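Fold and contact review
The chain contents come next:
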Amino acid sequence: MSNPAEKPEVVQLPAEPASAPSASSRRAAAQRVREARDKLTSTSGTRPAFDAEMLRQYAQTRLSASYVVMLLVVATGLLFGLWMQPIPAAAWTAGMLCIHAALIRSCHRFLAEPASPAATRAWRTRFVVLDLLYGLCWMAILIHPVLDMVTETLMMFLMLLVIAVSSMLAANLPIAALAATAPVAVAMALSFAMTGSLDNYILAALALAAEGYFVLLAHRSHSSTFATLEARAEKDALIGELEQAKAISDEARHRAESANVAKSRFLAQMSHELRTPLNAILGFSEVMKSEIFGAHAVPVYKEYSADIHNSGVHLLNLINEILDLSRIEAGRYELNEEAVSLVGIVADCHHLMKLRASSRGITIHEVFEQAMPRLWADERAIRQVVLNLISNSIKFTPQGGEIWLKAGWTASGGQYLSVKDTGSGIPEDEIPVVLASFGQGSNSIKSAEQGAGLGLPIAKNLIDLHGGTFTLKSKLRIGTEVIVTFPPERVMSALAPMSDESPPLQPEVPDEKRRPRHKPIMSAGTGS
């Protein structure tokens, strides 16, 4: 009996990690959370710091206009003393001055104390109460029954003056402005409306309209001040973020510099520590491989000695490549520039690598332009670039393949070097990988001759130091071509001979200015 089919196991794949929010989105989210928290802890729906700043500006405005308010109160008291008994007018004036003095003293105390949310709410309530008393006093004098003989025009003018001054002085605290002006406007509107005439009805409507206008004007002034405070707070926050980012970047730069110094010291120390025993290994393995002191009792020991020597040479080359790359990345690689022949260097490198290519059945072709001038470059660096490129081509070209070495002129007057092979090629998406430090393509990983992935990065960096270009072109299963160009500034063209005669060593003196040599300047004897 056959077993029933097993139910396939369903494996839930892990969910893809959500992309990290950007810095701007995090900043906006933090700003919204901070604003919501500030609105919950504020009495006016704004930030607590803005409440304290608004009260501070309100107190400063009150103090700056204290003498103007005192002059207005005294002038009104003297004016009303002409229509009513002097004692009530003086009492009203004294009461207004007392309220004004209490308000000024409160402003001084508020500005002297440190700001805190609890103190800000207490001072806000105190200022509103004082402004309310201020408005009630003005209402009391304006609707006094004795002033019925005063014309409506004068009363309207005085009301508008009081509302305008109070609204502007308390614009940074809108509820205080409303408390100071609303009793005056409502009382005057009721006083005009109770007379029953059409003209007074119109005056009552104008009083209420004036109150609404000045309240709206105070609100607009408050909104403008609030927007200014927000802009200043955002600017301060941005400056703080920039300073914090600068501090973080400076710290990161210091850490990177320290790590770079530590890396350089480590590489210098390790290169010395590795090369010292490595030279001994290479020397003794060379002696054993060559059987200088006699043949081995077991022939396989000779092969082992050769393997040890080859491994030591590979390790030494790897150490040298790592040191070269570290010096290039640290900007400490100095070019020993001189006049060199690009064609001569390529030919020498071809001669060195010809035996290795022949052992694998690879043919190397040379296509050089003749009579090319010399380059002003570092011969060791150019030789290392050419050897790395030819070595890579030999490594990844199958048996029976071909390699072309070309050298010639560029369209801009510079010189170029091209190394092209018929190897397996590199996928297009892996070209940036192989040009990176320690980067290896898929074909390199599958190859039996794996390297450290430093040949192409070192070659590219050395060409960059010369101001040239390094281009890698490759097609899978067709081949790879590397083109290296040198700028025209490094081409040493032959100078044409000078056709003009050389200038004289001394300037010629005209004949008329020449001093005659046959006449002495002065006589040596006593005679004439």
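My aim in this report is to walk through the structure given alongside it, one point at a time. Bear in mind the structure is a predicted one, so any value in this text is a computation, not a measurement. (Residues numbered from 1 in each chain as written. Predicted model: local features only at pLDDT ≥ 70, side-chain atom pairs only at ≥ 80, totals over all residues. Heavy atoms only, no water.)

Next up on the list: the side chain of Asn172. Note on placement: Asn172 falls in the loop between helix H6 (152-169) and helix H7 (174-193). Given the relative accessible area of 10%, Asn172 is considered buried. (Helix = DSSP H or I, 4+ residues; strand = E, 2+ residues; numbered from the N terminus. Buried < 20%, exposed > 50% of the residue type's maximum accessible area, 1.4 Å probe, protein only.)

This next bit is on the sheet that holds strand E7 (residues 479-486). Taken in spatial order, the five strands line up as E2-E4-E5-E7-E6 in an open sheet, and their pairing is mixed. Among the strands making up the open sheet, the edge pair consists of strand E2 (363-368) and strand E6 (469-475). Averaged over all adjacent pairs, the angle separating strand axes in this sheet is 10°, with direction ignored. Taken together, the six bridges between E2 and strand E4 (residues 402-409) define a ladder with parallel strand orientation. Paired with His365 across the bridge in E4 is Trp404. Sitting on the sheet, helix H10 (residues 342-359) is in contact with E2, E4, strand E5 (415-421) and E7, with an inclination near 170° to E2. Sheet strands touched by helix H14 (residues 455-465): E6 and E7. Its angle to E6, the strand with the most contacts, is close to 145°. (Pairing = 2+ DSSP bridges. Axes fitted to C-alpha atoms, helices over the stretch in contact; angles between N-to-C directions. Contact = heavy atoms within 4.5 Å.)

Attention shifts here to the packing of helix H4 (residues 86-112) against helix H5 (residues 117-142). Look at H4 against H5: their axes get within 10 Å of each other, and the N-to-C directions meet at 165°. Taken together, the axis directions place H4 and H5 in an arrangement best described as roughly antiparallel. H5 is crossed by H4, and the crossing has left-handed handedness. For the pair formed by H4 and H5, the contact residues are Trp92, Met96, Ile99, Ala102, Leu103, Ser106, Cys107, Arg109 and Phe110 on the first element and Trp123, Arg126, Phe127, Leu130, Asp131, Leu133, Tyr134, Cys137, Trp138 and Ile141 on the second. Among the residues making up the contact of H4 with H5, the classes are represented as 15 nonpolar, one polar and three charged. (Parallel < 35°, antiparallel > 145°, perpendicular 65-115°, else oblique. Left-handed = near helix turned anticlockwise from the far one by under 90°. Nonpolar A, V, L, I, M, F, W, Y, C, P; charged D, E, K, R; others polar.)

A few words now on the packing of helix H3 (residues 66-80) against H5. Between two packed helices, the angle of one axis relative to the other and the distance separating the axes together describe the packing. Axis separation between H3 and H5 bottoms out at 12 Å; the angle between their running directions is 20°. Between H3 and H5, the interaxial angle falls into the category roughly parallel. For H3 against H5, the interelement crossing comes out left-handed. Facing Val69, Leu72, Val73, Thr76 and Phe80 of H3, the residues of H5 in contact are Tyr134, Trp138, Ile141 and Leu142. Per-class residue counts for the contact of H3 with H5 are eight nonpolar, one polar and no charged.

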